[in-house]
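If you want the building blocks of each chain, they are given just below.
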Amino acid sequence: MLYITLLLDTVRTFVGIIDDYFDGYYTEEMIEAQVDQLVFEELIRERFPKLVHHLDYLGVQVTWISGPWFLSIFVNILPWESVLRVWDVLLYEGNRVMLFRTALALMELYGPALVTTKDAGDAITLLQSLAGSTFDSSQLVFTACMGYLTVTEARLQELREKHRPAVLLVVEERSKGGRVWKDPNGLATKLYSFKHDPELLIEENKGTEGSDDALADGDLSYKEPAANLDEMLSGLSVNSELEGRDLQEQVVWLKVELCSLLEDKRSAVL
């Protein structure tokens, strides 16, 4: 009975946090969640340029790592004691600042190990494993709260105002069935990556061959067969769509179109 009571209290707390502090996070387009990911990426590029350079080299988007952290509020990411300590600070401060500070603290703690990885999949797997072993909640909270005092709500709001128009533009273009042409920073790809499974995208980028048994025995992972690539590309109206576009715009269009096709194929199989 006591266990059930504690569980219900935890659920009520979780729902309360979502309603009060995460408005716009769990909507269909997840506008605020995507804005916060771009904000976090800018912060991490400022604080850990060497680490981000290595992730860029491996082809790992920062949002692949931090997206699940923010959306789950670190549930099933950190040990339960550490999660509760982070929630304590979050509730006390009454905003999402602790979310950013905790994510930055994790990058500080495990960044040295990340820069030794040689593969995108290894980097993500290693960080997930290390984050799951963060049992010293006191060290984590101390590093987050004392090491990143400059990360304030005012600073985050300033960065949100900076990035929100770009996110809204991408979402609007997609809702109309259009393509984002002027996208020199690859924003459309980042937002797609954030809303989909990073492991799937890694496999797609590598062109790894899948198998018909990928979904067998309850395995929900999916790898797109390389043999279907020609069939998928044949569906692109490249000549008509790219006529008059410069090379950079053509590359952006092809990336976004291919991502869309891959998602359609994945949805059909699932």
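Read on for an overview of the structure. Quantities reported herein were computed from a predicted structural model and do not represent experimental measurements. (Residues numbered from 1 in each chain as written. Predicted model: local features only at pLDDT ≥ 70, side-chain atom pairs only at ≥ 80, totals over all residues. Heavy atoms only, no water.)

1. Thoughts on the overall build of the protein
Consideration 1: The secondary structure content of the protein amounts to 14 helices and 0 strands.
Consideration 2: Taking all 270 residues of the protein together, the buried fraction comes to 45%.
Consideration 3: Of the accessible surface of the protein, which amounts to about 14,400 Å², a share of 55% is contributed by carbon and sulfur atoms. (Helix = DSSP H or I, 4+ residues; strand = E, 2+ residues; numbered from the N terminus. Buried < 20%, exposed > 50% of the residue type's maximum accessible area, 1.4 Å probe, protein only. Areas by Shrake-Rupley, 256 points an atom, 1.4 Å probe, with all protein chains shown as cover.)

2. What about helix 6 (residues 97–114)?
Consideration 1: Spanning 18 residues, helix 6 covers 24 Å between terminal C-alpha atoms, matching the ideal 26 Å at 1.5 Å per step.
Consideration 2: E108 marks the point of greatest bend in helix 6, at about 40°, and the proline P112 comes within the next four residues.
Consideration 3: In terms of burial, helix 6 is largely enclosed, as 14 of its 18 residues are buried. (Expected span 1.5 Å × (residues − 1). Bend = angle between axes of the 7 residues up to and from the residue.)

3. Some points on the pattern of salt bridges
Close approach of charged atoms allows side chains with opposite charge to pair.
Consideration 1: For the structure shown, the criterion picks out 11 salt bridges.
Consideration 2: Between E42 and K162 there is a salt bridge, and its shortest N-O distance comes to 3.1 Å. With E42 in helix 2 (residues 31–47) and K162 in helix 9 (residues 153–175), this pair connects stretches of sequence that are 120 residues apart.
Consideration 3: Taking relative accessible area as the criterion, E42 reaches 17% and is therefore assigned buried.
Consideration 4: Notably, a salt bridge pairs E93 with R101, separated by 3.5 Å at the nearest N-O pair.
Consideration 5: Judged by its relative accessible area of 30%, E93 falls in the partly exposed class.
Consideration 6: Within this structure, D36, R96, E153 and R160 form a network of salt bridges that share partners. (Salt bridge = Lys/Arg side-chain N within 4 Å of Asp/Glu carboxyl O.)

4. Topic: the packing of aromatic side chains
Consideration 1: In total, this model carries 7 aromatic pairs according to the counting rule given.
Consideration 2: Judged by centre distance (6.1 Å) and plane angle (40°), the rings of W69 and F74 are tilted.
Consideration 3: Residue classification places W69 among the buried positions, given a relative accessible area of 3%.
Consideration 4: Judged by its relative accessible area of 0%, F74 falls in the buried class.
Consideration 5: Centre to centre, the rings of W80 and W87 are 5.9 Å apart; their planes meet at 70°, and the pair counts as edge-to-face.
Consideration 6: Under the relative-accessibility criterion, W87 is labelled buried at 4%.
Consideration 7: An aromatic cluster is present here, built from F22, Y25 and Y26 joined pairwise through their rings.
Consideration 8: Over the aromatic face of F22 sits the side chain of R96, whose NZ or CZ is 5.8 Å from the ring centroid. (Phe/Tyr/Trp six-rings, centres within 6.5 Å; stacked < 30°, edge-to-face > 60°. Lys NZ or Arg CZ within 6 Å of the ring centre and 35° of its normal.)

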